[in-house]
Amino acid sequence: MQTEVRVRNLVKRYKDLVAVDHLDLEIQKGEIYGLLGPNGSGKTTLINCILSLLRYEKGEVEIFGEPMRPDAHHLKQNIGVVSQEPAVYDELSVYENIDYFCGLYVPDKAVRRKLVEEVIEFVQLDEFRKFRPKKLSGGLLRRLNLACGIAHKPRLIFLDEPTVAVDPQSRNRILEGILQLRDEGSTIVYTTHYMEEVEFLCDRISIMDRGKILITGTSDEIKAISRSGETVRVETFDLDESHLKAIEALPTVESLEYEQAELVLKMKAKTNGLLDILNYFEHHNIPMTKISSKQPTLNDVFLEITGKELRDDV
Amino acid sequence: MRAFKLYFKVMRGSLATILTYIGIFVVIANFVINAQLPSKEADLKIAEPKITVFDADESPVSKAFTAYLTEHAEIVELEDTEIAINDALFDGETYYVIRIPQDFGKQMLDPERNDAELNAQGSIYVHLSIVSAQLVERYNQTFQVYKQAFGGSIPAEQLENTLDLIRTDLQAEVSTRAFLSGETYKITLLGTSFNNTFYILIALLTSVIGSTLIAMENQSVKNRDLVSGIPERQRTFGIFLATLLFSVVLWVFLIVFMYTQLGFDLLTDTRSLWLIGVSFVHMVAVLAVANFFITLMRNKGALNFFSTVFSLAVSFTSGVFVPLELIQAPVQKVASFMPTVWAVKANNAIVHMPEQAPDYSFVWQAMGIMTLMTVAFLCLTLVLRKSRQRSFA
Amino acid sequence: MFRHITKYKTLALVKDHSSLFWTLFFPLVLVTVFHLAMSGMFSSDTYRFDPVTVAVVTGDAKQEEIKAFDTFLDYVGVPGTPDENDGPLKVDTDPQNAYIIYIKAEPEEARVLLDKNQVYAFVEVGETVTMTAKNILNSSNSLNGSVLRSLLERYTQIKNTMNSIENLVTSGAIRPGRDFEERIRKAFESDTGLHEEDQGTKKGDVLIYFFALLGYLSIFPMAGSISSVAELEANQSSRAARSWLAPYPMWKRFFAEITPNVVLYSILIVIIYYYLGVLGVDLGPRTGYILVLLLLGTLTGIFMGTAVGSLFKGSTGIKTALGIGLPLVLGFFSGMMASEIRKLVKNSIPFLQKINPVSLVAEGLYSLYNYSTLDRYFDIVIRLSIFLVIAIVLTIIGLRRSNYESI
Ligand SMILES: Nc1ncnc2c1ncn2[C@@H]1O[C@H](COP(=O)(O)OP(=O)(O)OP(=O)(O)O)[C@@H](O)[C@H]1O
Ligand SMILES: [Mg+2]
């Protein structure tokens, strides 16, 4: 398999702050690569370094197998970027904005017209094509921003949180569109805070914090690597100390909490703890009103390795 | 208080503008004031003629004449080309260019004549041309007097002696004295500097207050404030106080800077205090005017243009840069709807105030008019804001 | 690609109605106001000579001295009367060729008259003549002083000559003939054969305000091109970052970006020139040369802006302030606000005058107005072109930075 982006030992400092810290990375052709990280973890900085927009202290970046430099125009030709902040001209209409940015890559007018129409369809801005950006809502503006970055059908696309503030329908539409882009052969680097998006979309995921990639893999792999297993919740009354001690001593149980008639058990990873618990309750004849089990999510994994919530509002 | 503090936080964005403008002011004021400060304070400033002579004759008479000119004026050597001469006249390097033709000496001595042909070219300074022409005229007259005294022609053996006599006769000294305090000159310089601060204040207050106000009036910022429970009136008042405070600080800075250049001892002069008073009243009035126009315009993109053109326009029509006498009456009429022209007039009155029986009634009047303008523009601004609010509702 | 970017930049420029309006409108307003303020200078001859008002104090001078001085006064001036409203001395008749308007006064009166600015100076007659005036900063003040002093000198000079001739007579070197006194009196009144040329210089001195204004207005696009550079530098706007990622070298984008500015401001300066003509300001017949100079100035202004915009890494605030402030300062040094400043600068910092683009344009216009030859004009065009080339080189150096420390 071909490697589209290769980053080796990349270091980027802002004065004293190390924004990207000896980072290595490989992105394969045709995959959707998710970059997850809390605010300020260095995702945007990493992307800008890969694009050579930012100078970096150390390291190498290769794109399409060639070293990436600020004047590597033949590489830039095949890259599309959607920045975190909307970057469009207030004076130009939706159509004109897309046509302008597309025209930086595609000189041929007829080809361009077709591409612009396609992307307008793609982000569903058809009825707004004559609008100035000022008159677009926050979500529509983001969609325009997206369209400006991908209209020229690049081989490699960087999407920096493209779906913030976009409503669920449009977001699904965009996500499907991204899958479609991948199926048409593009490679996509995707940063987001939305766990569902990553799980749904990404072939591989890296979790970033403080400028370092902590872990990389498919979402299942990452969950598997995690030390935490499933969480089992049991609603039960009369549990005494001795029972709690005994349950805690079970080999599959990592930790437990008992409060207000609810027992919350964290099980060890890669075990089938639910069965153990059921057995124990049956054996000791303890009545229970409800039992549930939840597999770990990426969010849990994330929390576990970074010690931070992925999104402040989760 | 919230709005008050917020105002200064927003203003930090304009810090660069403020500092740049102040830097420019400091450099220019420093240059202009120092270029005009007299070396000796008590000296009466009198413009000295600067003359250029091209002597094609080189006869004893023409040489004596040139020597005489050297004693009475500063002689400026120039290259004899059209461009060099015109440039020098234009740049004030010389004020008068005299050409002595070849037979000047012969013509002077000619018993049939009482003059000799000379060519001259004067600069725009008519006064200095007059003085220079007088220098020439006197030499000729004195020369002719001696010629007549000798009965129509100067004997050859007497020529040298006569030329000497003419020179000594013409070495007349008039003693000049400056009237009363030597500070008057500095006070006029101070008055001019105060006039110039009017320009800086108008430019700075419109641009800085403008950008800050427009940012504060930005609907989303304003909404956030209003939602958080600050009454609109209190907010407006906070902004008003902050604007005033900023302007006063800026004003104090400009004034203090001027006095560092001219000497703080000037503060003991009453006229100095009057100048400060007028300047303060004017500053407050400019604030009100700026506020009004900014409220009227509400366009951030146009603000820079506006403040540049507005400050220049007001300054030019109000006599900040060119003397008021030169500005045509209709233009002055229009300008008198702005406070600046009144401040300039008051400053002129203060600077030329008799020391024996000073009469400051005009200055009071001007300050009164500026205060009325302040009130009027504030009212206009309020009306404007009210009418806009209504149109939103 | 070039056409593509230029097309959209022009579109963006034109579609931004309010900015476009102000860009075009404000310079015209400035020109109008300027003309209104200055037109007074054209009509009334600013530097016209008005007789100097003087109070004459004879005090306890000798009777013959007083008589001699009276004759002299009669010769150079006309008597005036005090103005009831404390204005300067009045005369009933037209003072025509008089140099001074005088009033006889007691020492105390004279002081009061001077204090109230009713006379320019007072003169005390005696063994020596003393003039006393207010020491104020005002060019007409020192010019009046110059004329008055020169007149008073004349009085003493005549006295000297009379004495010398008397001595010559006593010593026998001169034997007074028939009508000796009459001939001497006549000789004292003889005219000179002095021919004063009237020079265009004089009008040029009023026009220098307009020359400087035109110089300022051609450099003034600086502010606009500073913001254009912000559209190029990825660290100055997010749009610029997006364009930076496009597969084109910086210089191509630069020229595409700057072209609409060049066109807009070139049109503007031509409009301003013709508008001045409509207002009645005659800058001379060499329209072609004038326009070339103005357009060259405009280009210089635009590239000064791009140089500042790309070289200075500081905040946009400082750059904007520079873009607005610098042309004003250069205009100030070229005499736009006060023509005297131009001379001050020329005498104390001549170097500045030689490189200040506003004053280069102003001096170029002056030379076209005033000189028959074009030597000076071409000299200035060359200097301005060098300045332009430097600005372009600095811009290229500034833009050459290929990526950013932070954005
Ligand atoms: N121009 C800059 N100068 C100094 N520090 C910066 C600059 N840009 C970013 N940083 C710092 O670098 C770190 C990484 O920032 P970056 O924008 O890459 O984070 P991010 O992962 O994209 O965050 P978010 O999810 O909020 O977009 C942060 O601590 C940030 O404060
Ligand atoms: Mg980011």
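Predicted model only: the values in this text are computed from it and were never measured.

Take the arrangement of the chains next. Here 2 pairs of chains make contact, and the pair sharing the most contacts is chains B and C. Left apart from each other, chain A and chain B have a closest C-alpha approach of 13 Å.

Let us now look at the side chain of Thr-381 of chain B. All names here are of chain B. Mapped onto the elements, Thr-381 comes out in helix H15 (residues 361–392). A relative accessible area of 6% places Thr-381 in the buried class. For Thr-381, the side chain forms a polar contact with the main-chain oxygen of Phe-377, separated by 2.6 Å. If we ignore the near neighbours within four places in the chain, the residues touching Thr-381 are Ala-288, Asn-291, Phe-292 and Thr-295.

This next bit is on the site of ligand 1. Within the structure, ligand 1 sits among 16 residues, and Gly-40, Lys-43, Thr-44, Thr-45 and Gln-84 of chain A are positioned closest to it. The local environment of ligand 1 is shared, drawing residues from chains A and C. At 2.8 Å from an oxygen atom of ligand 1 is found a side-chain nitrogen or oxygen belonging to Asn-39 of chain A. The contact in question runs from an oxygen atom of ligand 1 to an N or O atom on the side chain of Thr-44 of chain A, over 2.5 Å. Coverage of ligand 1 by the protein amounts to 68% of the 640 Å² it exposes when considered alone. Element by element, the count of residues in the shell around ligand 1 is highest for helix H1 (residues 43–50) of chain A, at 3 residues. Partitioned by chemical class, the residues of the shell around ligand 1 number 5 nonpolar, 9 polar and 2 charged.

Another aspect to go through is the interface of chain B and chain C. With 108 residues of chain B at the interface, the matching set in chain C holds 113 residues. Here chain B meets chain C over a buried area of about 10100 Å², counting both sides, of which 63% is carbon and sulfur. Linking chain B with chain C are 2 salt bridges. A salt bridge links Arg-149 of chain C to Glu-48 of chain B; its shortest N-O distance comes to 3.0 Å. Elements with a minimum of two residues in the side of chain B that touches chain C: helix H2 (15–36), helix H4 (82–91), strand E4 (117–122), helix H6 (126–149), helix H7 (156–170), strand E5 (175–179), helix H8 (183–217) and helix H12 (300–317) of chain B. Counting residues per element, the side of chain B that touches chain C draws most heavily on H6 of chain B, which supplies 19 residues. Broken down by class, the residue content of the side of chain B that touches chain C amounts to 57 nonpolar, 36 polar and 15 charged.

Residue and element names in this part refer to chain A. One open sheet holds the 6 strands; their spatial order is E6-E7-E8-E3-E9-E10, and the pairing between them is mixed. Of all strands in the sheet, those bounded by a partner on one side alone are strand E6 (79–82) and strand E10 (212–217). Across the sheet, the mean angle from the axis of one strand to that of its neighbour is 15 degrees, orientation sign disregarded. Bridge count for strand E7 (residues 156–160) against strand E8 (residues 187–192) is 5 bridges, and the pairing is parallel. Among the inter-strand pairings, Leu-159 is bridged to a residue of E8, identified as Tyr-190. H1 rests against strand E3 (32–36), E7, E8 and strand E9 (204–209) of the sheet, and its axis sits at about 155 degrees to E7. Against the sheet, helix H11 (residues 298–306) contacts E3, E9 and E10, and its axis sits at roughly 35 degrees relative to E9.

Next up on the list: a positive patch on the surface. On the surface, a cluster of positive charge is made up of Lys-109 and Arg-113 of chain A together with Arg-3 and Lys-7 of chain C. When you line up the elements, Arg-3 of chain C lands in helix H1 (residues 2–15). Residue classification places Arg-3 of chain C among the exposed positions, given a relative accessible area of 68%.

This paragraph deals with the packing of helix H10 (residues 250–279) of chain C against helix H11 (residues 287–311) of chain C. Residue and element names in this part refer to chain C. For the pair H10 and H11, the least separation of the axes is 9 Å and the interaxial angle reads 140 degrees. Relative to H11, the element H10 is oriented oblique. Considering only the axes of H10 and H11, their crossing is right-handed. Taking contact as the criterion, the partners of Phe-254, Phe-255, Ile-258, Asn-261, Val-262, Tyr-265, Ser-266, Ile-269, Val-270, Tyr-273 and Tyr-274 in H10 are, on H11, Thr-287, Ile-290, Leu-291, Leu-294, Leu-295, Thr-298, Leu-299, Ile-302, Phe-303 and Thr-306. Its residues assigned to classes, the contact of H10 with H11 comprises 16 nonpolar, 5 polar and no charged.

It is worth spelling out the pairing of E4 of chain B at this point. Sheet topology places strand E3 (residues 96–100) of chain B next to E4 of chain B; 4 bridges connect them, and they run antiparallel. Bridged to Tyr-96 of chain B within E4 of chain B is Gly-122 of chain B. Alignment of E4 of chain B against strand E6 (residues 193–197) of chain C, held across 5 bridges, turns out to be parallel. Directly across from Ala-120 of chain B, in E6 of chain C, lies its bridge partner Glu-196 of chain C.

Once that is clear, we can look at the coordination of the magnesium ion (ligand 2). Protein-derived ligands of the magnesium ion (ligand 2) are Thr-44 of chain A (OG1) and Gln-84 of chain A (OE1), with the metal-ligand distances lying across 1.8 to 2.1 Å. Of the two residues, Thr-44 of chain A sits in helix H1 while Gln-84 of chain A sits in the loop between E6 and helix H3 (94–103), which places them 40 residues apart along the sequence.

With 95% of its residues at a pLDDT of 70 or more, chain A shows a mean pLDDT of 85. Mean pLDDT across the elements of chain A ranges from a minimum in H11 of chain A, with 74, to a maximum in E7 of chain A, with 93.

A few words on the sheet that holds strand E5 (residues 130–134) of chain C. Strands sit in the order E5(B)-E5(C)-E4(C)-E1(C)-E3(C)-E2(C) across an open sheet of 6 strands; the sheet is mixed. Across the chains shown, the open sheet's two edge strands, defined by having one partner strand only, are E5 of chain B together with strand E2 (77–79) of chain C. Direction aside, the axes of adjacent strands within the sheet are offset by 30 degrees on average. As defined by bridge partners, E2 of chain C adjoins strand E3 (residues 100–104) of chain C across 3 bridges and the pair is classed as parallel. Opposite Val-78 of chain C, over in E3 of chain C, you have Ile-101 of chain C as the bridge partner. Strands in contact with helix H3 (residues 63–76) of chain C are strand E1 (52–57), E2, E3 and strand E4 (121–124) of chain C; relative to E3 of chain C, the strand with the most contacts, it is inclined by about 145 degrees.

Our next topic: unusual backbone geometry. Residue and element names in this part refer to chain A. For Gln-124, which is not glycine, the phi torsion reads 55 degrees and is therefore positive. Mapped onto the secondary structure, Gln-124 falls in the loop between helix H4 (109–123) and helix H5 (138–150). Judged by its relative accessible area of 39%, Gln-124 is partly exposed. Unlike most non-glycine residues, Glu-161 shows phi in positive territory, near 45 degrees. Mapped onto the elements of the fold, Glu-161 is located in the loop between E7 and helix H6 (168–183).

Counting residues at the interface gives 29 residues for chain C and 38 residues for chain A. Note on chain C versus chain A: buried area summed over both sides is about 3100 Å², and carbon and sulfur give 55% of it. At the junction of chain C with chain A, the criterion picks out 1 salt bridge. In this structure, the salt-bridge partner of Lys-15 of chain C is Glu-96 of chain A, at a minimum N-O distance of 2.7 Å. One can count 16 residue pairs in polar contact (both at pLDDT 80 or more) joining chain C with chain A. Contributions of two or more residues to the side of chain C that touches chain A are made by H1 and helix H9 (238–244) of chain C. The leading source of residues in the side of chain C that touches chain A is H1 of chain C, at 7 residues. Split into classes, the residues belonging to the side of chain C that touches chain A amount to 15 nonpolar, 6 polar and 8 charged.

About the cut-offs
Residues numbered from 1 in each chain as written. Chains lettered and ligands numbered in written order. Predicted model: local features only at pLDDT ≥ 70, side-chain atom pairs only at ≥ 80, totals over all residues. Heavy atoms only, no water. Contact = heavy atoms within 4.5 Å. Helix = DSSP H or I, 4+ residues; strand = E, 2+ residues; numbered from the N terminus. Buried < 20%, exposed > 50% of the residue type's maximum accessible area, 1.4 Å probe, protein only. Polar contact = N/O pair within 3.5 Å; in protein donor to acceptor, adjacent residues only side chain to side chain. Near = heavy atom within 4 Å. Areas by Shrake-Rupley, 256 points an atom, 1.4 Å probe, with all protein chains shown as cover. Nonpolar A, V, L, I, M, F, W, Y, C, P; charged D, E, K, R; others polar. Buried area = accessible area lost by both parts, 1.4 Å probe. Salt bridge = Lys/Arg side-chain N within 4 Å of Asp/Glu carboxyl O. Pairing = 2+ DSSP bridges. Axes fitted to C-alpha atoms, helices over the stretch in contact; angles between N-to-C directions. Patch = residues over 30% accessible without salt bridge, like charges linked within 9 Å, V, L, I, M, F, W, Y side chains within 5 Å. Lys, Arg positive; Asp, Glu negative; His and termini not counted. Charge placed at Lys NZ, Arg CZ, Asp CG, Glu CD. Parallel < 35°, antiparallel > 145°, perpendicular 65-115°, else oblique. Left-handed = near helix turned anticlockwise from the far one by under 90°. Donors = N, O, S within 2.8 Å, 3.2 Å for Na, K, Ca; no water. pLDDT = per-residue confidence, 0-100.

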